[in-house]
Amino acid sequence: MSKPDKRQQTLFNLGPATTSERPVRRLKHPVWTESKAKLIQLYLRLFVLVTKHGAYIDCFAGPQEPDKPDTWAAKLVLESEPRWLQKFFFFEQDIDKVAMLASLRDAQPPRVKSREPKRTIQIDPGDVNENISKILAGSVIRQKEATFCLLDQRTFECHWRTLEQLARYKHAPENKIELFYFMPNAWLDRAFSGLKSEVKPNLWWGRDDWKVVSDARGPARAALFSERFKSELGYASAKAWPIYEREGGGKTMYYMIHATDHPEAPELMARAYNKTVLTEQEFEQLVLELGLRGADGQR
């Protein structure tokens, strides 16, 4: 990672993982389903001001609602400025959505060579659970390269084995790939009751005791996952953020589990969560509050 200045060192201590989590600020505003992609975009937009580079993996990259491009995380992150993320890896099984990803890639403007790095955008038309090893087998992603992975599954699509591969890719604990894992909530009881076999939940939970999840409810389910992210995958922090049905509240549709080893990252996620939908002026004010550098290099 690029070496941060002293103020950035205070915000992002990129040293070894800590064993205890720091408290984060109270939640002021709920994030709802149509703004969850904007939460990821804002968080990464802030974080890249520190790292100045990075790789982004989207394991289920096609749009969940093709008629609502403003809710498409791949589009929002790819088009976010400053354009300092350098490597993008998009996985998608649906052939029509693969075509949409290709169109999105081809529509990107040429880089401004004086201030933007060269980018690579790789689209994998297949099952991420089978194909994630393609990018983790070699040195496509450097060990010290800031790397973020979105796992915005619908229900049981993400296998636990995939999480293990992502978590164990980096050799140094403090450099783990940062995860944004969406755990379904509102329809999970119905999904469990509709299962025809135990294959799907076994792969999803990674063990045959998945009924501990089906027997739990809401926050308790999220806590089961969060604890395993820490105890088994080795993350210093794994916090569950509720994603609500609509603006202002409603049912909790998902819990977004943010797993990271950067001690200050949970606080940054709290900032992003509380300020998900921002005007450019509001974004610049937040950048000033955090002591980061904007796209023009100024404080």
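Everything here concerns the structure above.
For the structure given in this document, a descriptive report is provided here. All values reported here derive from a predicted model rather than from experimental measurement.

Below, the discussion takes up the overall build of the chain. From N to C terminus, the chain includes twelve helices and eight strands. Here the chain holds 299 residues, and 54% of them are scored as buried. Summed over all atoms, the accessible surface of the chain reaches about 13900 Å², with 49% contributed by carbon and sulfur.

The subject of this paragraph is helix H6 (residues 160-167). Of all eight residues that make up H6, seven are buried, and the element is covered over most of its length. Turning to H6, the residues buried within the fold contact strand E2 (55-58), helix H5 (128-136), strand E5 (147-151), strand E6 (178-184), helix H8 (199-205) and helix H10 (218-231).

With that settled, the discussion passes to helix H11 (residues 265-274). Among the ten residues that make up H11, ten are buried, leaving the element largely enclosed by the rest of the structure. Here H11 has its buried residues at Ala265, Pro266, Glu267, Leu268, Met269, Ala270, Arg271, Ala272, Tyr273 and Asn274. Residues of H11 that are buried in the fold lie against strand E1 (31-32), helix H2 (36-51), E6, strand E7 (237-246), strand E8 (249-260) and helix H12 (280-290).

Attention now moves to the layout of surface pockets. One simple way to see leftover space: roll a probe sized like a water molecule over the atoms. In this structure, the largest pocket occupies an estimated 710 Å³ of space. As for the largest pocket, its lining consists of 40 residues, and the residues nearest its centre are Gln64, Asp152, Gln153, Arg154 and Tyr254. Taken together, the elements giving at least two residues each to the lining of the largest pocket come down to H2, helix H3 (73-79), H5, H8 and E8. The residue inventory of the lining of the largest pocket, partitioned by class, reads 18 nonpolar, nine polar and 13 charged. When its volume is computed, the second largest pocket comes out at roughly 210 Å³. Elements with a minimum of two residues in the lining of the second largest pocket: H2, H3 and H12. The leading source of residues in the lining of the second largest pocket is H2, at four residues.

What the rule picks out here adds up to 21 salt bridges. Across the pair arginine 168 and glutamate 164 runs a salt bridge whose closest N-O atoms are separated by 4.0 Å. Across the salt bridge formed by glutamate 245 and arginine 246, the nearest N and O atoms sit 3.1 Å from each other. Relative accessible area serves as the criterion here: at 47%, arginine 246 is assigned to the partly exposed category.

Before going further, it helps to spend a moment on the environment of valine 277. Within the secondary structure layout, valine 277 lies in the loop between H11 and H12. Taking the C-alpha atoms as reference points, valine 277 and leucine 42, 235 residues apart in sequence, are found 8.4 Å from one another. With residues up to four places along the chain from it excluded, the contact list for valine 277 reads Trp32, Ser35, Lys38 and Glu282.

Counted by the stated rule, this structure contains 20 aromatic pairs. With a centroid separation of 6.1 Å and 45° between ring planes, the pair formed by phenylalanine 88 and phenylalanine 90 is classed as tilted. The residues phenylalanine 88 and phenylalanine 90 share a single accessibility class, namely buried. Ring plane angle 55° and centroid distance 6.3 Å describe the contact between tryptophan 160 and tryptophan 205, whose orientation is recorded as tilted. Pair noted here: tryptophan 160 is in helix H6 and tryptophan 205 is in helix H8, with a separation of 45 residues, a long-range link. Using a relative accessible area of 1% as the deciding quantity, one classes tryptophan 160 as buried. A cation over an aromatic ring shows up here: lysine 36 above the ring of phenylalanine 182, its NZ or CZ 5.0 Å from the ring centre. Positioned above the aromatic ring of tryptophan 205 is the side chain of arginine 228, whose terminal nitrogen or guanidinium carbon lies 4.4 Å from the ring centre.

Parameters and conventions
Residues numbered from 1 in each chain as written. Predicted model: local features only at pLDDT ≥ 70, side-chain atom pairs only at ≥ 80, totals over all residues. Heavy atoms only, no water. Helix = DSSP H or I, 4+ residues; strand = E, 2+ residues; numbered from the N terminus. Buried < 20%, exposed > 50% of the residue type's maximum accessible area, 1.4 Å probe, protein only. Areas by Shrake-Rupley, 256 points an atom, 1.4 Å probe, with all protein chains shown as cover. Contact = heavy atoms within 4.5 Å. 1 Å grid on protein atoms, 1.4 Å probe; cavity = no way out; pocket = protein on both sides within 12 Å on 5 of 7 lines; lining within 4 Å. Points joined across faces, edges and corners; volume = space filled by probe spheres on them. Nonpolar A, V, L, I, M, F, W, Y, C, P; charged D, E, K, R; others polar. Salt bridge = Lys/Arg side-chain N within 4 Å of Asp/Glu carboxyl O. Phe/Tyr/Trp six-rings, centres within 6.5 Å; stacked < 30°, edge-to-face > 60°. Lys NZ or Arg CZ within 6 Å of the ring centre and 35° of its normal.

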